[in-house]
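Here is what each chain is made of, one letter per residue.
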Amino acid sequence: MPVRIDIPNETEYSCEKEIGCSQGFSKPRVSERSTGRDAILEFVELKDLLKISGQKDFKTFDDVFIEKDALKAFKVIPFRDNYVNGSDVKVPAIASIYNEIVCASKLSKFRGSQNFPKVHNIHLIKGACPQYLCDVYDQYHERCCLIKHFDLDRFPPDQCWIIIESEMYGRSLNAIPPTCPMAALSVFAQTVLAVAVTETRFRFEHRDLHGGNILLQYDAKDACSQRIPSTYFQGQTLRPRNGPLAKIIDFTLSRITDRDTAIYTNVSSYRNLFIGNTRSHAHLYREMRDLLKDDWSAFNPRNNAKWIHHIGERIREIVEKGKYCNYHKNSNAGLIRKQFRELLNKAMTASSAANYAREISTSKILFRA
């Protein structure tokens, strides 16, 4: 039976800049039984968790490894813990990734939205990274001309890792966008509702909601034949139009409130986001910093509205240039373009995702009657 290590309560961390708590860090308590917290970590050997025979059974997208059958994804995060590992390799402290653990766990269980991946387990792992994982990781970064976050083969044999094991849910909006404008509008409506309900329930801010962090599942040849579950939001039941089901991922920079405590990341510590960042959404990190006055524990839902507008601009490209499917071939394309431009303009001045969702809730191009 694996040893279970209880995640320390957030008030036990001494990371004012990272998770906003002032008390000293306490060594994790080892427990034989689950304590009922949102995330329980299983301490097992890395090689025993990933029972994969070789490179042919595995592929990767940056720090996320995917099984061959694409039913599960493993996000692999190395961390430094003075009680376990004395390595001098520069890796984050566990306190600085605690927000991702909390967000992934809580949003996975949240019944108010279907737009977050189900987390099967969150593992605390000790061991060297298998060579075949190092190989596919290196090949991916070489093929895509990307800078690696870490050299996985440099970690010591007693390295500790957090591995978030979740359902694998399609490809990103950037990689395989919908071709039909109506399917793209469905993705936008789903994204707005998902952020709005979690913003209201958990004082949640994603803070990195670009097209690479929205995954789409195409269950049918014609995406516009896929029915999307309805969402209950502030007294209304809203059902986005048919389209691929969207899942929001990656809570590395996110902020959430858990048991009256702000759980967050000090985004300013990620200097590469502010210096030399040429991506189309680079300005949003600076705008968030200015809006929060560099206090990343603060909750300002205007940040969510800014990211929604960014996603909307990506959707607008499809609405402007996309080809309507057979089901929607008789749609009034000009009117739809005009209406979506008007809806998107409202996001520029919205004070929150929730307020924006209320403003657009009567839109017939986004929601079914």
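Structure's up top.
If you're wondering where the values come from, they're calculated on a predicted model, not measured in any experiment.

Asks: I keep staring at the pattern of salt bridges and nothing clicks. Help me out?
Replies: Any two side chains of opposite charge can pair, on the condition that their charged atoms come close. Inspection of the entire model under this criterion finds 13 salt bridges. One salt bridge connects Lys 306 with Glu 287, and the closest N-O pair in it is separated by 2.9 Å. Here the residue Lys 306 occupies a position in helix H6 (residues 302-321), and Glu 287 occupies one in helix H5 (residues 282-292), the gap between them amounting to 19 residues. Residue Lys 306 is classed as buried on the basis of its relative accessible area of 18%. By relative accessible area, Glu 287 is classed as partly exposed at 30%. Through salt bridges with shared partners, one network takes in Lys 75, Glu 100 and Asp 250.

Asks: Looking at this model, I keep getting lost on helix H3 (residues 131-143). Mind explaining?
Replies: The end-to-end C-alpha separation of H3 is 18 Å, in line with the 18 Å expected for 13 residues at 1.5 Å each. Those residues of H3 lying buried are Tyr 132, Leu 133, Cys 134, Val 136, Tyr 137, Tyr 140 and His 141. Trailing H3 by a residue or two, Cys 145 shows a phi angle of about 55 degrees, which is positive.

Asks: Explain the pairing of strand E8 (residues 160-167) to me, please; I cannot follow it from the model alone.
Replies: Strand residues, when the strand is regular, have side chains that alternate between the two faces of the sheet. For E8, the tally of buried residues reaches 8 of 8 residues, placing the bulk of the element in the interior. Both strand E7 (residues 119-126) and E8 contribute to a ladder of 7 bridges, which runs antiparallel. Across the sheet, His 123 pairs through a bridge with Ile 163, a residue of E8.

Asks: Would you take a moment to explain the sheet that holds strand E10 (residues 214-217) for this structure?
Replies: As a general point, the strands of a sheet are linked pairwise by backbone hydrogen bonds and lie either parallel or antiparallel. Here we have 3 strands laid out as an open sheet, ordered E9-E10-E13, and antiparallel in their pairing. What marks the edges here is a single partner per strand, and that holds for strand E9 (171-172) and strand E13 (245-248). The strands touched by helix H4 (residues 181-202) within the sheet are E10 and E13, with E13 carrying the most contacts at an inclination of about 40 degrees.

Asks: Quick question: what am I supposed to make of the environment of Phe 251 here?
Replies: Positionally, Phe 251 belongs in the loop between E13 and strand E14 (256-258). When the C-alpha positions of Phe 251 and Asn 213 are compared, they lie 9.2 Å apart, and in sequence the two are 38 residues distant.

Asks: Would you mind going over the side chain of Glu 205 with me for this structure?
Replies: Inspection of the secondary structure assignment puts Glu 205 in the loop between H4 and E10. According to the relative accessible area criterion, Glu 205 is buried, its value standing at 0%. Separated by 2.9 Å, the side chains of Glu 205 and Arg 207 make a polar contact. If sequence neighbours within four positions are ignored, Glu 205 has contacts with Ser 254, Arg 255, Ala 298, Phe 299, Asn 300, Pro 301, Asn 303 and Asn 304.

Cut-offs and rules
- Residues numbered from 1 in each chain as written.
- Predicted model: local features only at pLDDT ≥ 70, side-chain atom pairs only at ≥ 80, totals over all residues.
- Heavy atoms only, no water.
- Salt bridge = Lys/Arg side-chain N within 4 Å of Asp/Glu carboxyl O.
- Helix = DSSP H or I, 4+ residues; strand = E, 2+ residues; numbered from the N terminus.
- Buried < 20%, exposed > 50% of the residue type's maximum accessible area, 1.4 Å probe, protein only.
- Expected span 1.5 Å × (residues − 1).
- Pairing = 2+ DSSP bridges.
- Contact = heavy atoms within 4.5 Å.
- Axes fitted to C-alpha atoms, helices over the stretch in contact; angles between N-to-C directions.
- Polar contact = N/O pair within 3.5 Å; in protein donor to acceptor, adjacent residues only side chain to side chain.

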